Protein chains: 2
Amino acid sequence: MSQYKDMGKEELLEIKRNLELQYKEMKCKKLSLDMTRGKPDLNQLNLGMGMLDVINSTSDLIGEDGIDFRNYGILDGIIEAKRLLASMVGVKAENVLVAGNGSLPLMYDRLVQAMLQGVRGHTPWCRLEKVKFLCPVPGYDRHFAMTEQLGIEMINVPILADGPDMDMIEELVAADESIKGIWCTPQYANPTGITYTDEVVRRFAALQPKAKDFRIYWDNAYSIHHLYEDKQDNLLEILAECEKAGNPDLVYTFFSTSKVSLPGAGVAGMATSIKNLEAIKKQISLKTIGYDKLNQIRHVRFFKDEDGFKSHMRKHAAILRPKFDLVLEILGRELEGTGIADYTRPNGGYFISFDAMENCAKEIIKKCQEAGVTLTAAGATFPYGVDAQDRNIRIAPSYVSLADLQVAMGVFVVVTKLVSIERLL
Amino acid sequence: MSQYKDMGKEELLEIKRNLELQYKEMKCKKLSLDMTRGKPDLNQLNLGMGMLDVINSTSDLIGEDGIDFRNYGILDGIIEAKRLLASMVGVKAENVLVAGNGSLPLMYDRLVQAMLQGVRGHTPWCRLEKVKFLCPVPGYDRHFAMTEQLGIEMINVPILADGPDMDMIEELVAADESIKGIWCTPQYANPTGITYTDEVVRRFAALQPKAKDFRIYWDNAYSIHHLYEDKQDNLLEILAECEKAGNPDLVYTFFSTSKVSLPGAGVAGMATSIKNLEAIKKQISLKTIGYDKLNQIRHVRFFKDEDGFKSHMRKHAAILRPKFDLVLEILGRELEGTGIADYTRPNGGYFISFDAMENCAKEIIKKCQEAGVTLTAAGATFPYGVDAQDRNIRIAPSYVSLADLQVAMGVFVVVTKLVSIERLL
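Quantities reported herein were computed from a predicted structural model and do not represent experimental measurements. (Residues numbered from 1 in each chain as written. Chains lettered and ligands numbered in written order. Predicted model: local features only at pLDDT ≥ 70, side-chain atom pairs only at ≥ 80, totals over all residues.)

Participant: Hey, could you run me through the overall build of chain A in this one?
Facilitator: What chain A contains, in helices and strands, is 13 helices and 13 strands. The C-alpha radius of gyration of chain A comes to 23 Å, within 12% of the 22 Å expected for a compact globule of 425 residues. When the backbone C-alpha atoms are referred to their principal axes, chain A occupies close to 75 × 55 × 35 Å. Across the 425 residues that make up chain A, the buried fraction comes to 53%. (Helix = DSSP H or I, 4+ residues; strand = E, 2+ residues; numbered from the N terminus. Rg over C-alpha atoms; globule rule 2.2 N^0.38 Å. Buried ≥ 20, exposed ≤ 12 C-beta atoms within 10 Å, placed from the backbone.)

Dropping the structure here:
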């Protein structure tokens, strides 16, 4: 295909007229397709139904250490679930806290604790003039939203092919004591799909932040969410690297089974040093008597171990892979070589990150919406919702059916071409 | 029985020698009985086992409004669960938010939101010089612990027979803008067991606090937790009273099924005005994608409605009542008329509040512990753990078996007499 920018005005106008006709027809179809979020589809939900059978009124609900899963107690999760969740991310069970049905509340709790009580004896952030977080971009909108709500200033850091720009990060954290954290989605990143290289992980583990209460907020949401058997990214486990680097307390890692078992009823966990865990347990002991242990043991009995996770995730992949393949096939066929689009080809996770030409993303998303295809809001993948170049669009192919996805991507590529030509003319 | 204070020294010494012998024998038994918390016992847990059968892999898990309970979404609880929990406390479903497995996190969230973002546009508390809470005493230790952790100053308010001292409360909140809240357990109060009268509830609803972000934190934990069929306290519903009094936003009420279904895996809710709810939903939308909807529908299908709750709570009462009766029988037989003890005879809830002679509670609890009977720590029912008169002991009869309870109370009355006589001599 020819690069659009090399075409003459007449040629572009001719293509545009044709696209406008197609777009008009699409609008007449009154579509209603939602691609805003990385939600599992109905077939994926059905994979988790066995979860609802593994415990019932005849089950033995006493733990290996004698606790009754039905009663109050156990602040940091049952040992059986610690072991299971530890296997998801390759850490030791003793470093794990198992909580409720989402990892976001765990992250929010860490920020709130830092704001109000401070991190392990350091000044509470709410008493500081300024607190800043580094935000690799594009990134996860919910990280940015909670950081903004708490009044923490966000600094963009570009994501390169191997991970965030480490030169920039090393320099910033060493120089500025008000920088207290960095948000990372290190594996199959939201939305870029990249996985940080071993070298990047080691540089993270060796960071020398000026702020002693600086932590890496390592949202390892997609640790076992591979799409392919033959192409899998392997993330170096950072907790062990931090220990080796003499920085044992530097990282909080987060993970959950939301996209493994059932999104509304999974279990979330975090892993960090024993010393950090002790401080965290002390804080959460004031806000809860304990998380839902029955849902924890449900997960243990359904998945059993790492191998149980692996075989289950292969079933998810079998549902997700054709959708990613379809999106990439359509983008390839329709946009490859046009010079108006750049996009990622992830080996796992839930997103394809799409970069349009400058100043096009908002308009593409608006025009898709007008044709009944809802995409994640423009700018959502950036702090404060501001994508300065107005280029990035997060494509979330998981929730819609294959047939609908084909229709939606048909709209998307027509709109992308149309908007790009409007900009070029 | 004679009043101990009227006895002569010789008589007291004679009784004391006898008690010391009994106490020595009790210590030899190497007991290990835990009466620290209001935990349901094994038989009560078994009542909830049907909860684990009402949904399984063959269940229809689509809500009446079309949402899939298994997937992400629905911030404030499914409508079916709102309706069910509304029936627990006599409010409208539209005023209810249904959350996760405990009401403590909901209360903590409210305080955190007030600290960091402020209540509906008012200055965040973390930016104020001083924030104070009124604390009716004796009260619930966990309320006080979270308030203390957040640096909020606590002011004791005595609880009278009909509820907290309303004259004092009205005067304080009208005069001091730094008073931002009050903790209440209005029905079968923890630990006194009293229920606020209609008059007290109406005075609460009509409060005119100087601080516009003042809220009543109404922890209605025992709304359906009656012990008797023929003696039941009825708490006036405060939300409606606040509306009538022209103070619709004045109260947050909290409740949960922790002591109804299963303590580790219940659902919690709160009710407040629609305007308050909107502000709360906005905040929690940043920390969670939603609470566990499967556990919510599990409760709906198991209990069905108010009548379902009622018949279920009668089964709990049948287990709890003999324990309360036993405690009251032993206290009556051994201590009535001695003038060394005062205690409550609640119609519901989980506690009997026991007042020893001044400066005795700590020593009684210590000596019980030495004989293997663990009670809630002395002072726990007061802010900062300070019971100035050192009198109050919270008796929690629910968790131990009837046989163990008899033994434990045997130790308790012997120790109470012994310590009282030591003080009198």
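Participant: Even after reading the chapter, I still don't get the relation of the copies chain B and chain A, so can you show me in this structure?
Facilitator: Copy one and copy two of the chain differ by a rotation about a common axis and a shift along it. You can overlay chain B on chain A at an RMSD of 0.0 Å; the transform is a turn of 180° with a shift of 0.0 Å along its axis. Such values leave the two copies arranged in the relation of a two-fold axis. By C-alpha distance to the rotation axis, the residue of chain B lying nearest is B:Cys126, at 3.5 Å. In this assembly the copies share their binding face: 100% of the residues contributing to the interface of chain B also contribute to that of chain A. (Least-squares fit on C-alpha atoms with pLDDT ≥ 70 in both. Contact = placed C-beta atoms within 7 Å.)

Participant: Honestly, the interface of chain B and chain A in this entry has me stumped. Any pointers?
Facilitator: Taken together, the contact pairs 44 residues of chain B with 45 residues of chain A. Elements with a contribution of two residues or more to the side of chain B that touches chain A: α4 (103-116), α5 (141-149) and α10 (293-303) of chain B. When residues in the side of chain B that touches chain A are grouped by element, the largest group, 6 residues, is from α4(B). Residues that form the side of chain B that touches chain A fall into these classes: 24 nonpolar, 13 polar and 7 charged. (Nonpolar A, V, L, I, M, F, W, Y, C, P; charged D, E, K, R; others polar.)

Participant: Just to check I follow, could you spell out helix α10 (residues 293-303) of chain A for this structure?
Facilitator: Since the α-helix advances by 3.6 residues per turn, residues separated by three or four positions end up pointing in the same direction. All names here are of chain A. Within α10, 10 of the 11 residues are buried, leaving the element largely enclosed by the surrounding structure. Those residues of α10 lying buried are Lys293, Leu294, Asn295, Gln296, Ile297, Arg298, His299, Val300, Phe302 and Phe303. The inward-facing, buried residues of α10 contact α3 (79-89), β2 (96-98) and α11 (306-335). Taken from the residues just after α10, Lys304 is the one with a positive phi, measuring 65°.

Participant: Just checking my understanding: could you explain helix α7 (residues 198-205) of chain A for this structure?
Facilitator: Residue and element names in this part refer to chain A. Among all positions of α7, only Val200, Val201, Phe204 and Ala205 are buried. End-on view of α7: buried residues confined to an arc of 140°, all on one side of the axis. Buried residues belonging to α7 abut β5 (163-164), α6 (166-175), β7 (215-219) and α8 (238-244). (Arc of directions from axis to C-beta.)

Participant: Just to check I follow, could you spell out the pairing of strand β7 (residues 215-219) of chain B for this structure?
Facilitator: The side chains of a regular strand alternate, residue by residue, between the two faces of the sheet. Residue and element names in this part refer to chain B. Taking burial as the measure, the 5 residues of β7 include 5 buried ones, the bulk of the element. Side chains Arg215, Tyr217 and Asp219 of β7 all project onto a buried face; the interleaved residues Ile216 and Trp218 project onto the opposite face, where all are buried too. Pairing between strand β6 (residues 179-184) and β7: 4 bridges, direction parallel. Paired with Gly181 across the strands is Arg215, a residue of β7. For the handedness criterion, the β-α-β arrangement of β6, helix α7 (residues 198-205) and β7 is classed as right-handed. Of the pairings in the sheet, the one linking β7 to strand β8 (residues 251-256) comprises 4 bridges and is parallel in character. (Pairing = 2+ DSSP bridges. Right-handed = clockwise from strand over helix to strand, strands pointing away.)

Participant: Mind showing me how you'd approach the sheet that holds strand β10 (residues 341-343) of chain B here?
Facilitator: Within a sheet, adjacent strands bond to each other through the backbone by hydrogen bonds, running parallel or antiparallel. All names here are of chain B. One open sheet accounts for 3 strands, arranged β10-β11-β13; its pairing is antiparallel. Of all the strands in the sheet, the pair left with one neighbour each is β10 and β13 (392-395). In this sheet, adjacent strand axes meet at a mean angle of 25° when their direction is disregarded. Pairing geometry for strand β11 (residues 352-356) and β13, over 4 bridges, is antiparallel. Within β13, the position partnered with Ser353 by the bridge is Arg394. Here helix α11 (residues 306-335) sits on the sheet and contacts β10, β11 and β13; the angle it forms with β10, its principal contact strand, is near 155°. The strands touched by helix α12 (residues 361-370) within the sheet are β11 and β13, with β13 carrying the most contacts at an inclination of about 40°. (Axes fitted to C-alpha atoms, helices over the stretch in contact; angles between N-to-C directions.)

Participant: How should I be thinking about the domain arrangement of chain A in this particular structure?
Facilitator: Think of interface size as the accessible area that goes away when the parts come together; that is how it is often given. Residues and elements named next belong to chain A. One can read the domain layout of chain A as domain 1 (4-44 + 310-424) and domain 2 (61-304). Taken together, the contact between domain 1 and domain 2 spans 24 residues of the former and 28 residues of the latter. Elements with a contribution of two residues or more to the side of domain 1 that touches domain 2: α11, β11 (352-356) and β13 (392-395). Here the side of domain 1 that touches domain 2 takes 6 residues from α11, the largest share from any one element. Tallied by class, the residues present in the side of domain 1 that touches domain 2 amount to 13 nonpolar, 8 polar and 3 charged. (Domains from an automatic or database assignment.)

Participant: Explanation requested: the packing of helix α1 (residues 9-28) of chain B against helix α13 (residues 402-424) of chain B in the structure shown.
Facilitator: Residues and elements named next belong to chain B. Direction vectors running N to C along α1 and α13 enclose 140°, while the axes themselves pass 9 Å from each other. As the angle between them shows, α1 and α13 are arranged oblique. In the crossing of α1 with α13, the sense of the turn from one axis to the other is left-handed. Counting all contacts with α1, which are made through Leu12, Ile15, Lys16, Leu19, Glu20, Gln22, Tyr23 and Met26, the residues of α13 involved are Val411, Val414, Val415, Lys417, Leu418, Ile421 and Leu424. (Parallel < 35°, antiparallel > 145°, perpendicular 65-115°, else oblique. Left-handed = near helix turned anticlockwise from the far one by under 90°.)

Participant: Explanation requested: the environment of A:Leu424 in the structure shown.
Facilitator: Residue and element names in this part refer to chain A. In this fold, Leu424 is placed in helix α13 (residues 402-424). The sequence separation of Leu424 and Met7 amounts to 417 residues, and the corresponding C-alpha distance is 9.7 Å. In this structure Leu424 touches Tyr4, Lys5 and Leu12, once residues within four positions along its chain are discounted.

Participant: Would you mind going over unusual backbone geometry with me for this structure?
Facilitator: Comment: phi is negative for the bulk of residues other than glycine, and the bulk of peptide bonds are trans. Backbone torsion omega between A:Asn190 and A:Pro191 reads 5°, so that peptide bond is classified as cis. Turning to its location among the elements, A:Pro191 is positioned in the loop between β6 (179-184) and α7. The residue after B:Val137, namely B:Pro138, is reached through a cis peptide bond having omega -5°. By the element assignment, B:Pro138 lies in the loop between β3 (132-137) and α5. A positive phi is found at B:Ile74, a non-glycine position, where the angle reads about 70°. Within the secondary structure, B:Ile74 is located in the loop between α2 (42-47) and α3 (79-89).

Participant: Would you take a moment to explain the pairing of strand β3 (residues 132-137) of chain A for this structure?
Facilitator: Residue and element names in this part refer to chain A. With 6 of its 6 residues buried, β3 lies for the most part within the structure. What you see with β3 is no split at all: Lys132, Leu134 and Pro136 on one side and Phe133, Cys135 and Val137 on the other are buried throughout. Both β3 and strand β4 (residues 153-160) contribute to a ladder of 6 bridges, which runs parallel. Within β4, the residue paired with Val137 across the bridge is Pro158. Handedness of the β3-helix α5 (residues 141-149)-β4 crossover: right-handed. For β3 and β6, the ladder comprises 3 bridges, and the chain directions are parallel. Bridging across to β6, Phe133 finds its partner in Gly181.

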